[in-house]
Amino acid sequence: MSQGGERVYRALVAAGPLTAKGVAEGCGAELPEVVMALRALRRSGLVTVRRAPGSDDVWEPAPPSVALGALLAIRQDELRNLAGEITELDGAYREATGRRNDGGAVEVLHGRDTIAHRFLQLQQGARDELLCLMKGRPVAVSSRENDADAMALARGVRARLVADEVAAHWDPDEVYDGIEQGVDVRISKEVPTKLLIIDRERALLPLHDDPERLHDRAVIVHASGIVNALVGLFEQTWARSRPMLAEARGGDDTAVLALMLGGLTDEAIAQRLGASARTVQRRIKRLMVRAGATTRFQLGWYARDMGWITEPDHA
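Predicted model only: the values in this text are computed from it and were never measured.

Asker: Help me understand the sheet that holds strand 1 (residues 18-19) in this model?
Answerer: Strand order in the open sheet formed by three strands is 1-3-2, and the pairing between neighbours is antiparallel. Of all strands in the sheet, those with a lone pairing partner are strand 1 and strand 2 (47-50), marking the two edges. Two strands pair when backbone bridges link them, and strand 2 and strand 3 (residues 58-61) are joined in this way by four bridges, in the antiparallel orientation. Bridging across to strand 3, V47 finds its partner in P61. Packed onto the sheet, helix 1 (residues 3-15) meets strand 1, strand 2 and strand 3 and runs at close to 90° relative to strand 3.

What follows is the structure in structure tokens.
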């Protein structure tokens, strides 16, 4: 169903039987566009038309549970068939790649455009988890070009990212956008390499360490032994990094921590910040999760140790 068709169908479901002119007025769309959409919906079985001599045709929606349920069943069959074709094609591709390269364990990518395309493609295909190391400035895909990670997060994919201080300061919007979207972000003084791991099954990383040649060649690793080793590298980097707060985006995380350590109650903190006590409690809980703390005392100790805050403002 097209976007215009969906809008027309929703208008009919909400308002009941209407003439094409009535639908157009309800949708704020042009009449010819609405007529075309209605005819397409009729061919799909989503609407019926009642003709009356000497008056305009009246269009009526089919019950969504019946009409859309049938379409859903058709789409599910198509997806199952597509999944089978993908499996078959992937096997053929791996076999051919194995003859060309190194037994199918790796794919070598050449050039910025190819690397960028495969980077976005891998993110879009993630099912459960994305692990990412950001080292230095982006060379293949900028944050403005990358909406695949947001799409993955919207599907419920868990994402963890460790950025070095250069990456965090080079493109802070990307880092803070990630935090707001649900990415667990940490900062490390030293990140060994750029790396993306998808579902602990595939990994993408550059073949060169020279910053000027990072976009020349990269490799996608399929071999489970190598991927597991790269997962271990990520986890080691993650363990020695520090969580990053979202205060640079106008959130009051730093102020909440400072006032909490100053001994203020949640209600007093809320009053100082112009927020509700529930909002303060939610922020503190989120910070505890990010710090891995089980008590507020542990959170305060961690916040001071990691340099999240300065001295509380008692003014």
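Next comes the rest of the account.
Asker: Please explain the sheet that holds strand 6 (residues 158-164) as it appears in this structure.
Answerer: What links the strands of a sheet is backbone hydrogen bonding, and the strands pair in either a parallel or an antiparallel sense. The sheet built from eight strands is open, its strands ordered 4-10-9-8-5-6-7-11 with mixed pairing. Across the chains shown, the open sheet's two edge strands, defined by having one partner strand only, are strand 4 (106-110) and strand 11 (242-243). Where strand 7 (residues 184-188) lies against strand 11, two bridges are found, and the strand directions are antiparallel. Counterpart to I187 in the pairing with strand 11 is R242. The strands that helix 5 (residues 112-124) touches are strand 4, strand 5 (129-134), strand 8 (195-198), strand 9 (202-206) and strand 10 (217-221); relative to strand 4, the one it contacts most, it runs at about 135°.

Asker: Help me out: how do you make sense of the packing of helix 2 (residues 20-27) against helix 3 (residues 31-43) in this one?
Answerer: Each pair of packed helices can be summarised by the angle the axes make with each other and by the distance between the axes. Helix 3 packs onto helix 2 with a crossing angle of 115° between their chain directions and a minimal axis gap of 9 Å. Between helix 2 and helix 3, the interaxial angle falls into the category roughly perpendicular. Relative to helix 3, the crossing made by helix 2 is right-handed. For the pair helix 2 and helix 3, the contacting residues are A20, K21, V23 and A24 in the first and L31, V34, V35 and L38 in the second.

Asker: What is the right way to read helix 3 from this model?
Answerer: Each turn of an α-helix holds 3.6 residues, which means side chains three or four residues apart point in the same direction. Helix length check: helix 3 (13 residues) gives 19 Å between terminal C-alpha atoms against 18 Å at 1.5 Å per residue, within 8%. All buried positions along helix 3 are accounted for by V34, A37, L38 and L41. Projected down its long axis, helix 3 shows its buried positions confined to an angular sector of 100°, all on one face. Along helix 3, exposed side chains directed more than 90 degrees from the buried face belong to P32, M36, R39 and R43.

Asker: Can you walk me through the nonpolar core in this structure?
Answerer: Looking at soluble globular proteins, one finds that nonpolar side chains tend to be buried together. Core analysis: the largest hydrophobic core is formed by 24 residues, its most contacted members being L130, L161, L196 and L204. Elements that contribute at least two residues to this core include exactly helix 5, strand 5, helix 6 (148-154), strand 6, strand 7, strand 8 and strand 10. Excluding its chain neighbours within four sequence positions, the residues that come into contact with L204 are L109, F119, L122, K194, L195, L196, A218, V219 and I220.

Asker: Please explain the environment of Q281 as it appears in this structure.
Answerer: Within the secondary structure, Q281 sits in helix 12 (residues 277-291). Taking the relative accessible area as the measure of exposure, Q281 reaches 37% and is therefore partly exposed. Ignoring any residue separated from it by four or fewer positions in sequence, one finds Q281 in contact with D266 and R296.

Each value, and the rule that gives it
Residues numbered from 1 in each chain as written. Predicted model: local features only at pLDDT ≥ 70, side-chain atom pairs only at ≥ 80, totals over all residues. Heavy atoms only, no water. Pairing = 2+ DSSP bridges. Helix = DSSP H or I, 4+ residues; strand = E, 2+ residues; numbered from the N terminus. Contact = heavy atoms within 4.5 Å. Axes fitted to C-alpha atoms, helices over the stretch in contact; angles between N-to-C directions. Parallel < 35°, antiparallel > 145°, perpendicular 65-115°, else oblique. Left-handed = near helix turned anticlockwise from the far one by under 90°. Expected span 1.5 Å × (residues − 1). Buried < 20%, exposed > 50% of the residue type's maximum accessible area, 1.4 Å probe, protein only. Arc of directions from axis to C-beta. Core = buried A, V, L, I, M, F, W, Y, C linked by side-chain atoms within 4.5 Å.

Everything listed here is a matter of coordinates, which is why it stays silent on function.
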